[in-house]
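Observations on chain architecture
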Amino acid sequence: MKRSEEEPSEALPLPPPPPVVPPGVVPAKVHGSNRIPMARRGSGTRGQKIPLLANHFNVKLSSTSDHFYQYSVALFYEDGNPVEAKGVGRRVLDMLYKLYKSEMGGKGFAYDGEKTLFTVGPLPGTKLEFPVLLENLSSNRTVRGGGSPSEGETKRSRRQPQSKSYTVKINYATKIPIQAIFNALRGQDSEQFHEAVRVLDVMLRQHAAKQGCLLVKQSFFHNDPRNSISIGGGVVGCRGFHSSFRATQAGLSLNMDVSTTMIVKPGKVADFLVENQNVKSLREIDWMKAKRSLKNLRVKTFPSNLEYKIIGLSEEPCRQQTFLMKQRNADSPSDPIEITVSEYYAKYRNQELIASHDYPCLNVGKPKRPVYIPLELCELISLQRYTKALSSLQRAKLVEQSRQKPQDRMNCLTDELKRSNYAADPLINSTGITINTMCTQVEGRVLEPPKLKVGNGGDLFPRGGRWSLSNKTFVEPTQITRWAVVNFSARCDTNSLCRDLMRCCKAKGIHLEEPHSVIQEDRQSSRKPAPARVELMFEAIKRTLPGRPRFLLCILPERKNPEIYGPWKRRCLVEDGIVTQCMAPARVTDAYLASLLLKINAKMGGLNSLLSVECLQSIPLVSKISTIIFGMDVSHGSPGRSDVPSIAAVVSSRKWPLISRYRASVRSQSARVEMIDALFKPVSAVEDDGMIRELLMDFYQSTPKLKPEHIIIFRDGVSESQFEQVLNIELEQIMQACKFLDDKWNPKFLVMVAQKTHHTRFFQPRSDANVPAGTIIDTKVCHPKNNDFYLCAQNGPIGTTRPTHYHVLLDQIGFSADDLQELVHSLSYVYQRSTTAISVVAPVYYAHLAASQMSTFVKFDEMSDTASSHSGGGGGSSSGGGFTQIPKLHENVCSSMFFC
C-alpha cells in the first residue's frame, strides 16, 4: 500500500470548535457563487405579428438509447517522440481507417483534428494501438541535408517516394448518452448536452475537411475563387459557412450562416510582397518586413510542384548567397564545392534567374540546415489564413464587399446545405439524425417605436427606426462660451466653417459665441511627431487665449490622422480638462454640421432628444423607483498582441428619472481577460477604489441624494459559457460594492447580456427587404428553457440585418416580458450621436465607445509597467496586476459624455 493510503503514524491535532452563536443572533446569509441563468417566465404579446424565416434548419433524431463513445488519440513518430505538427493528424487517421477498418469493428469515427475522436457505440477494445505508414507527406517535403531544393529533388527521383511511420494510440475516455440532447430540449439541465452536440459539430467539421475545406473553429471555407473578396495588401476575404447545432424551443436545429475569414492571396510570392507593401516593384521592398509577413506560409515550387514551409529569407541575394553542394562522381566521392544559388540554377537546372537574381531567396529548410529557393520559382498555396490586424481601409472594403441582400443570403445557405449532402455521410447517418433543408418558420412581432421629445415641447414620431431633427431644436441645448478652433494643417476655410457652425447652432437652440480665435499650425510644426505637434499647438493656445477654453474644435487633415487623434484627446481630456470635438471634413455641409452638433451638444452637457415616457415618468418599474442603468464592455487589443492590456468600461445613467444621460469609468486589466476585475477594489476598511462605487457616488450626487433601489445591468461581449461567471463574479463584485457603501442597502438587480457575435438571421418570405425596425422574436428559435429574445431595433437598408440576442440572466425587479422588451427597445432610441435607432442598447454602445477612445490615449508598449491611475472620477492608484493603467480623466470632464 502506498504511503498516502496508510494510517498516519501520529494523530494530528483537531481544529478548535466553531464559536457558539449567541442567542437571538441570526447568522448572515452569504451570497453564494452558484447563481445560474433564470428560466423564462413567459413570452411577449405586444406588437404587430409578422411571419419570418430563420437560418435554423430542423434536426430530427431517431436514436435515443445509443451513446457516443469518446477516445483520446496520441500520435508518435518511430522514435517514440509525440507528433506536434498540425495538419498531420487527419491524414494519419484517414489512412488508419483504410488499413484497419475491420480491426475497429467497421466503425466510422469523428476526429476533431487534434487529440479526440468519437464513435457511435464502442470500439472493440478500450486500448488500441496501430502502426501507420504515410507516403508523400506534404508537410515533410523539405529537403534533407541543406543546399538547393533542386538537388534534393534529384535525390528524390532516384529513390522511393518519401514516407513516414507513425504509431497511433487510441484510449477510451468516456461515453456520452445521445439522450442528453432530448433532455436539454425538454428544458432539463444536462452537462452532457454540450458534449453530445460537440460530437455532432465534429462530424460536420470532418465532413467539410474531407471536401478539402479550410476549417476555422465552427466555420468551413471551400477552395473556390468565386468566394474571394480582394481587400488589398495581398489579403483576400474568403467567404464560407458557419454551422453549429443549437437547442431551441422547436427542437434541435442546425444554425447555418455565411462567414468570412482572411486568407493570404494565392499566387506568385513576388506579387504578394509588392501588393502587401503597396509598392511598385521588388526594388522597393522592405525585406525585414517581408520576412515577418512570409514566415510560416506555405509555398509550391514549380516545375517540381512540391510544397514547403517558409522559415525565413537568405542573408544575401541569389547571385551572392552560397551553399555547399556535394558532387556525385561515379568513381569516388569528392569534396563539396561552394556555389551561389544563381550559378546552381544556371549550370545544373538550365534556369536563368531573371526576376529574383538580385533579391533574397526563400529559406524553406531547418534553422541549422537552410534550403534556398528563388522567389520567382515559388507560389503561395491557397487557403492560408491571414491572422494579422486589418487596416481601416481593408476593413471598410471587407464590409462593403461582404454585404448580401437577405434573399441572396438565404438562398446561399439553402444551396450550401443541399450541396453538403450530409445525408450521404455514413457516419452522420449512423447517429440517426436527418437535417431539414428548409429554413425554420417563426413568428415575429414589430414593436411600436417610442415617441420622442425635442425642444419647445415638440414631439417626434420615428418611422422605420429613423427620425429627423430638421426644423427642430434640441430638447436641452447647451451654451458654448470661451471656445476656439485649432487646425492641424487641414485644407479648410475656417472662417466659412465658423459662420456655418454658428448658424446651425442657432437653428438647434445652442447658444454659441463667436470663437475667440482660429489657431493654425505652422508648416514647420507639421513635420514633427504627433505628440510634439500637440504640445506646440497647446503652447500657441496658451499664448493666444486669455485662459483655459471650455471647448476646442479640432480640424484634422482630410484623411483622419490617428497619430494626432490619440495625443490630442489625451492632452485635452486628461491634462487640461477641455471638451473637444475632432473633425476631418472632405466637404462641410449642413447635414455634416448637424451630425457634428449632436456630438458637441451631448459632450457639453446637453441632450438632443428624450423619450416621451422618460419625460412623463411612466416607464414601468424605472420611473417611479430610483433606478440606475449600467452598460459594461471589455475591449481587447489586436489579435496576437498579448502585451497590450484589455480595456474595461462601465457607463451608468445619471440624473434619475432620466435614462438618456450617462457617464463612464474605464480601467485597464490583464490582456485578453473578459471578466472585469476592478468593479470592487477595497483598499482599506473604509475605502473602495472600484468602478461601481465611483458611478454610484455620481448617481447619488446627480440625483437628489438618492441611492438606486433598482440596478439594471447590460453586459456586452460574453459568450454563453461565461454567463455564470457574469452572475457569480461580476454581479458579486457589484453587490459587494453596494454593501461596502451601506450594509443595510439591498437593491434589486436585473442582469442582461447583449450578444452581437452570433449567427442567427431573420428573413421576410419572398421579400428582398430586411425585417422591419423593432422586430422581436422570443419563440421557436430561442432557448427551450432560458429567458432570451432577439431584437432588430435598427433599420437595415444595406446587407442583412444582424439582430441582437438578449439573455436575461437574473430579474429580481419583476419585469413582465412585454415591459422588459419595451424598455430594451426604447434604450435603442436614446443614443445621442445619431437620429436612428441603434442595433444594441445605448449603454452598451457607450461602454464600447468609452473603452475604444481611452485605448487611443496611450501607446502601451511605450509606457512603464508601473504607471498608475485610472479614468473616471475616483482617485488614482498603482496597478498591481503587472499591466499598465490608463490615465485618469480631468475632474472637469470625468462626468461628461466625452465618448460621444
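The written sequence of each chain sets the order in which its residues are numbered from 1. In keeping with the predicted nature of the model, local features appear solely for residues at pLDDT of at least 70, side-chain atom pairs appear and are counted solely at 80 or more, and the whole-chain, interface and lining totals rest on all residues. With hydrogens and water excluded, all non-hydrogen atoms of the structure serve as input to the side-chain values.

**A closer look at helix α19 (residues 842-855)**
In this model, α19 (14 residues) spans 20 Å end to end at C-alpha, consistent with the 20 Å of a helix rising 1.5 Å per residue. Relative accessibility decides the category of a residue: with a 1.4 Å probe and only protein chains considered, values under 20% of the type maximum give buried, values over 50% give exposed, and everything between is partly exposed. Strands are runs of DSSP state E lasting at least 2 residues, helices are runs of H or I lasting at least 4, and numbering of each runs from the N terminus. With 10 of 14 residues buried, α19 is to be regarded as a mostly interior element. Every buried residue belonging to α19 is among Ala 842, Pro 843, Val 844, Tyr 846, Ala 847, Leu 849, Ala 850, Ala 851, Gln 853 and Met 854, and all of these are buried. Those residues of α19 hidden inside the fold are in contact with α13 (562-576), β33 (627-635), β34 (646-653), β35 (662-669) and β36 (710-716). The span you would expect from a helix comes to 1.5 Å times its residue count less one. Residue contacts follow a heavy-atom distance rule, with two residues in contact if any of their heavy atoms lie within 4.5 Å.

**Regarding empty space enclosed by the protein**
The distinction between a cavity and a pocket rests on a 1 Å grid over the protein atoms alone: a 1.4 Å probe fits inside a cavity but cannot get out, while a pocket stays open yet meets protein on both sides within 12 Å along at least five of seven lines, and a residue with an atom within 4 Å of a point counts as lining. Grid points are joined across faces, edges and corners, and a volume is the space filled by probe spheres set on the points. For the structure shown, the criterion picks out 6 cavities of 30 Å³ or more. If you add up the space inside the second largest cavity, you get close to 60 Å³. Lining the second largest cavity are Asp 201, Leu 204, Arg 205, Gln 218, Ser 219, Phe 220 and Ser 243. Breaking the lining of the second largest cavity down by element, the ones donating at least two residues are α4 (191-210) and β9 (219-221). Gly counts as polar in this scheme, as do all residues outside two lists: the nonpolar Ala, Val, Leu, Ile, Met, Phe, Trp, Tyr, Cys and Pro, and the charged Asp, Glu, Lys and Arg. Tallied by class, the residues present in the lining of the second largest cavity amount to 2 nonpolar, 3 polar and 2 charged.

**Quick word on the sheet that holds strand β7 (residues 163-177)**
Read from one edge of the open sheet, 5 strands run β4-β5-β3-β7-β6, paired in antiparallel fashion. The sheet is open, and its two edges are formed by β4 (110-111) and β6 (127-135), each paired on a single side. If DSSP finds at least two bridges between two strands, the strands pair. Relative to strand β5 (residues 116-120), strand β3 (residues 67-77) runs antiparallel, the two sharing 5 bridges. Bridge assignment links Ser 72 to a residue of β5, and that residue is Thr 116. Interaxial angle, 0 to 180 degrees, is taken between N-to-C directions of lines fitted to C-alpha atoms, where a helix line uses only the stretch in contact. With respect to the sheet, helix α1 (residues 88-100) is in contact with β3, β4, β5, β6 and β7, its orientation differing from that of β6 by roughly 105 degrees. Sitting on the sheet, α4 touches β3, β4, β5 and β7, and the angle it makes with β7 is about 145 degrees.

**What about helix α12 (residues 530-544)?**
Between its first and last C-alpha atoms α12 spans 21 Å; for 15 residues at 1.5 Å apiece the expected length is 21 Å, and the two agree. Of all the positions in α12, only Ala 530, Arg 533, Val 534, Met 537, Phe 538, Ala 540 and Ile 541 are classed as buried. Summarising the axial view, the buried residues of α12 lie within an arc of 155 degrees, below the 170-degree limit, and thus occupy one face. For α12, exposure combined with an orientation more than 90 degrees from the buried face picks out Pro 531, Lys 542 and Arg 543. Of the surrounding secondary structure, the elements contacted by the buried residues of α12 are β27 (483-487), β29 (518-520), β30 (551-555) and α13. Note that the arc is defined by the directions from the helix axis to the C-beta atoms.

**Remarks on the environment of Cys 318**
In this fold, Cys 318 is placed in the loop between β16 (312-317) and β17 (322-325). Take Cys 318: its relative accessible area is 0%, and that puts it in the buried class. For Cys 318 and Pro 360, which are 42 residues apart along the polypeptide, the C-alpha to C-alpha distance reads 5.8 Å. If we ignore the near neighbours within four places in the chain, the residues touching Cys 318 are Thr 340, Val 341, Ser 342, Leu 353, Ser 356, His 357, Tyr 359, Cys 361 and Pro 374.

**With respect to the packing of aromatic side chains**
What counts as a ring pair is set by centres within 6.5 Å for rings of Phe, Tyr and Trp (its six-membered ring), and what kind of pair is set by the plane angle: stacked under 30 degrees, edge-to-face over 60, tilted for all other angles. This structure, assessed with the given rule, holds 22 aromatic pairs. Ring centres of Tyr 77 and Tyr 166 lie 5.7 Å apart, and the angle between their planes is 40 degrees; this geometry places the pair in the tilted category. Remark: Tyr 166 occurs in strand β7 and Tyr 77 occurs in strand β3; sequence separation between them is 89 residues. Overall, the relative accessible area of 23% leaves Tyr 77 in the partly exposed class.

**Looking at the state of the cysteines**
By definition, disulfides here are pairs of cysteine sulfur atoms that lie within 2.5 Å. The full count for this structure, using the stated rule, is 0 disulfides. Between Cys 505, a cysteine without a disulfide, and Cys 504, which holds the nearest cysteine sulfur, the sulfur-to-sulfur distance is 7.3 Å.

**What to know about the side chain of Lys 603**
Here Lys 603 lies in helix α14 (residues 590-603). Here a polar contact means two N or O atoms within 3.5 Å. Within protein one must be a hydrogen donor candidate and the other an acceptor candidate, and residues neighboring in sequence count only if both atoms are side-chain atoms. Looking at Lys 603, its side chain comes within polar contact range of the main-chain oxygen of Thr 580, at 3.2 Å. Once residues within four sequence positions are removed from consideration, Lys 603 is found in contact with Lys 569, Val 579, Thr 580, Gln 581, Ser 896, Met 897, Phe 898 and Cys 900.

**Considerations on the sheet that holds β33**
The sheet built from 11 strands is open, its strands ordered β35-β34-β33-β36-β37-β41-β40-β39-β23-β1-β38 with mixed pairing. At either margin of the open sheet sits one strand with a lone partner, and together these are β35 and β38 (762-763). Looking at chain direction, β33 and β36 are connected through 6 bridges and run parallel. The partner of Ile 629 across the bridge, within β36, is Ile 712. In the packing of helix α17 (residues 723-741) onto the sheet, the strands contacted are β33, β36, β37 (748-755) and β41 (804-811), and the crossing angle to β37 comes to about 140 degrees. Docked against the sheet, helix α18 (residues 817-826) engages β23 (440-446), β36, β37, β39 (775-777), β40 (787-792) and β41, running at close to 40 degrees with respect to β40.

**Thoughts on unusual backbone geometry**
The phi angle of most residues is negative, glycine excepted, and most peptide bonds adopt the trans form. Of the consecutive residues Phe 302 and Pro 303, the connecting peptide bond is found in the cis state with omega at 10 degrees. Assignment of secondary structure puts Pro 303 in the loop between β14 (298-301) and β15 (307-309). For the bond from Trp 656 to Pro 657, the omega torsion is 15 degrees, close enough to zero to count as cis. One can find Pro 657 in the loop between β34 and β35. Residues other than glycine seldom take positive phi values, yet Ser 489 does so here, at roughly 60 degrees. Structurally, the position occupied by Ser 489 is in the loop between β27 and α11 (494-508). Within the chain, Lys 655 stands out as a residue other than glycine whose phi angle is a positive 60 degrees. Mapped onto the elements of the fold, Lys 655 is located in the loop between β34 and β35. Looking at Lys 655, the relative accessible area reads 37%, which means it is partly exposed.

Any functional reading would require information beyond the geometric quantities listed.
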